[in-house]
Amino acid sequence: MRRCGFKGDGFIFVQGSNDDTPEGKLQSNILATFAEYEREAIKLRTVTGKKKLAKAGKYSGGSQPFGHRWGDEKEEWVVREDEAKIVKLIFQWYVYGDESEKPLGMVRIAEKLTELGNTHT
């Protein structure tokens, strides 16, 4: 037996054989259709919930942007100064360049960050 739906509502399927008969194919297709529906319903509820949190100015989970962390106590973004220095350095290199005074591309910035990390280990 397989239960589909949410919060106690929904429907129950009695799992039968998925043989190569017209009935077996029908049952398989019906199950696939309901599974697809449930995936889409979950996706919609998730997106709706995240939008609601964002409109309320709350953190909806997921990865946090480098240089920031979510402060649960005040429910606001807090700057992580150690990481923010690196973000500022990347911006500086990308827009204004380094000692060569020419803006750097992402590959060169990654190389410079690796070099910088190797000198601090």
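This text follows the structure it describes.
Residues numbered from 1 in each chain as written. Predicted model: local features only at pLDDT ≥ 70, side-chain atom pairs only at ≥ 80, totals over all residues. Heavy atoms only, no water.

A. Local environment of the overall build of the chain. Secondary structure assignment for the chain yields 3 helices and 4 strands. Within the chain, the fraction of its 121 residues that count as buried is 15%. As displayed, the chain has an accessible area near 9,800 Å², and 58% of this comes from carbon and sulfur atoms. (Helix = DSSP H or I, 4+ residues; strand = E, 2+ residues; numbered from the N terminus. Buried < 20%, exposed > 50% of the residue type's maximum accessible area, 1.4 Å probe, protein only. Areas by Shrake-Rupley, 256 points an atom, 1.4 Å probe, with all protein chains shown as cover.)

B. Just the pairing of strand S4 (residues 76-79), in detail. Bridging between strand S3 (residues 68-71) and S4 involves 4 bridges; their strand directions are antiparallel. Across the sheet, Trp70 pairs through a bridge with Trp77, a residue of S4. Linking S3 to S4, which pair antiparallel, is a turn of 4 residues; within it Glu75 sits at a positive phi near 50°. (Pairing = 2+ DSSP bridges.)

C. Representation of the pattern of salt bridges within the structure. Under the definition given, this model contains 9 salt bridges. With a shortest N-O distance of 3.5 Å, Lys25 and Asp20 are connected by a salt bridge. Residues Glu75 and Lys58 are paired through a salt bridge, measuring 2.5 Å at the closest nitrogen-oxygen approach. Pair noted here: Glu75 is in the loop between S3 and S4 and Lys58 is in the loop between helix H1 (22-55) and S3, with a separation of 17 residues, a long-range link. By relative accessible area, Glu75 is classed as partly exposed at 41%. One network of salt bridges, with partners in common, ties together Asp98, Glu99 and Lys112. (Salt bridge = Lys/Arg side-chain N within 4 Å of Asp/Glu carboxyl O.)

D. Structural view of the packing of helix H2 (residues 81-95) against helix H3 (residues 106-119). Remark: H2 packs on H3, axes separated minimally by 10 Å, with the N-to-C direction vectors making an angle of 140°. As summarised for this structure, H2 and H3 are arranged oblique, according to the angle between their axes. Between H2 and H3 the crossing geometry is right-handed. Side by side, H2 and H3 meet where Ile86, Leu89, Ile90, Trp93 and Tyr94 of the first sit next to Met106, Ile109, Lys112, Leu113 and Leu116 of the second. Classifying every residue of the contact of H2 with H3 by side-chain character gives 9 nonpolar, no polar and 1 charged. (Axes fitted to C-alpha atoms, helices over the stretch in contact; angles between N-to-C directions. Parallel < 35°, antiparallel > 145°, perpendicular 65-115°, else oblique. Left-handed = near helix turned anticlockwise from the far one by under 90°. Contact = heavy atoms within 4.5 Å. Nonpolar A, V, L, I, M, F, W, Y, C, P; charged D, E, K, R; others polar.)

These results come straight from atomic positions and should not be treated as a statement about function.
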